[in-house]
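Remarks on the overall topology
Chain by chain, the residues:
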Amino acid sequence: MAPTAPANTRPIVISGPSGSGKSTMLNRLFKEYPGKFGFSVSHTTRAPRAGEENGREYHFVTKEEFLDLVDKKGFVEHAKFGSNHYGTSIKAIEDITKKGQGVKQVANHPTFPRPRFLFLSPPSKEILEQRLRGRGTDREEAILERLKQAEAEMDFAKTPESPHEKIIVNDDLDKAYQEVKDFIVGADS
Ligand SMILES: Nc1ncnc2c1ncn2[C@@H]1O[C@H](COP(=O)(O)OP(=O)(O)OP(=O)(O)O)[C@@H](O)[C@H]1O
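Described in the following lines is the structure provided in the data block. Source: prediction; values computed, not measured. (Residues numbered from 1 in each chain as written. Predicted model: local features only at pLDDT ≥ 70, side-chain atom pairs only at ≥ 80, totals over all residues.)

Moving on to the environment of T62. When you line up the elements, T62 lands in the loop between β3 (58-60) and α2 (63-71). Look at T62 and you get exposed, because 9 C-beta atoms sit within 10 Å. Separated by 110 residues in the primary sequence, T62 and D172 have C-alpha atoms spaced 37 Å apart. (Helix = DSSP H or I, 4+ residues; strand = E, 2+ residues; numbered from the N terminus. Buried ≥ 20, exposed ≤ 12 C-beta atoms within 10 Å, placed from the backbone.)

As a further point, take the packing of helix α5 (residues 125-135) against helix α6 (residues 140-157). Contact geometry of α5 with α6 gives a least axis separation of 11 Å together with a crossing angle of 145 degrees. The interaxial crossing formed by α5 with α6 has right-handed handedness. Between α5 and α6, the contacting residues are K125, L128, E129, L132 and R133 on the first element and I143, R146, L147, A150 and E151 on the second. Split into classes, the residues belonging to the contact of α5 with α6 amount to 5 nonpolar, no polar and 5 charged. (Axes fitted to C-alpha atoms, helices over the stretch in contact; angles between N-to-C directions. Left-handed = near helix turned anticlockwise from the far one by under 90°. Contact = placed C-beta atoms within 7 Å. Nonpolar A, V, L, I, M, F, W, Y, C, P; charged D, E, K, R; others polar.)

The next subject is the sheet that holds strand β1 (residues 12-15). Spatial strand order, β1-β6-β7: 3 strands in an open sheet with parallel pairing. Since the sheet does not close on itself, it has two edges, and those belong to β1 and β7 (166-169), each with one partner. Strand-to-strand twist of the sheet, defined as the mean angle between neighbouring strand axes without regard to direction, takes the value 25 degrees. Examined bridge by bridge, strand β6 (residues 116-121) and β7 share 4 bridges and lie parallel to one another. (Pairing = 2+ DSSP bridges.)

What follows covers the site of the ligand. Taken together, 14 residues surround the ligand, and among them S18, G21, S23, T24 and L173 come closest. Here the shell around the ligand is built from residues that sort into 2 nonpolar, 9 polar and 3 charged. (Near = placed C-beta within 6 Å.)

With that settled, consider unusual backbone geometry. For K73, which is not a glycine, the phi torsion comes out positive at approximately 60 degrees. Among the structural elements, K73 can be located in the loop between α2 and β4 (75-81).

The mixed open sheet is built from 4 strands, whose spatial order is β3-β2-β5-β4. Looking at strand neighbours, the two that pair on one side only are β3 and β4, the edges of this open sheet. Recorded for the sheet is a direction-independent mean angle of 25 degrees between the axes of neighbouring strands. Where strand β2 (residues 42-44) lies against strand β5 (residues 84-89), 2 bridges are found, and the strand directions are antiparallel. Paired with T44 across the two strands is Y86, which belongs to β5.

Structure representation (structure tokens):
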């Protein structure tokens with residue numbers, strides 16, 4: 001039987017509604033552990049926000065380019081959210097395997113380990129709404145779409161079909177960050 005990969009080389013998938021704080025957590029984690037993590041850059045057809053750079057936060061593409069890649073089976077997963085498409089390309093995952101020894105080990109492991117799934121939840125729909133408005137990056141229509149989608153995602157996260165091992169509620173930022181860190185870095189920290 002093939003040995004299992006060390007826990008610290010397993011891929012981690014963090015999901016959660018728009019505005020739940022995924023970027024906030026990851027930015028903090030990447031600052032605290034420079035070079036430790038690879039980050040797969042997703043594709044999106046939405047417009048870049050101020051300060052976002054093509055190829056860093058996302059690969060910003062046109063709808064035509066996106067759908068072309070869908071046809072070519074270039075995505076591991078993709079979804080339409082509101083009027084925009086989002087997806088993780090096979091290439092994005094291959095790219096992270098080129099950076100960092102830990103990630104390389106994941107890619108070369110005979111039984112590529114199943115990712116560990118973490119769901120980041122806002123404390124409530126009301127607070128999520130405040131944070132989305134406070135961020136000041138989305139039009140009213142987009143905020144309403146995001147809130148509606150958030151409800152569905154939060155309901156799904158609580159069902160047995162959901163792959164999430166853990167749900168962390170992002171209420172107090174420092175407390176939630178510590179929980180995220182414990183889940184991701186664990187005994188390695
Ligand atoms: N614990 C917290 N307390 C207060 N504000 C927070 C907290 N966590 C995040 N925020 C703020 O909430 C807003 C949304 O967070 P963030 O952009 O990280 O969410 P996201 O999940 O990455 O969203 P998206 O999926 O749309 O990229 C930001 O303005 C962020 O500063």
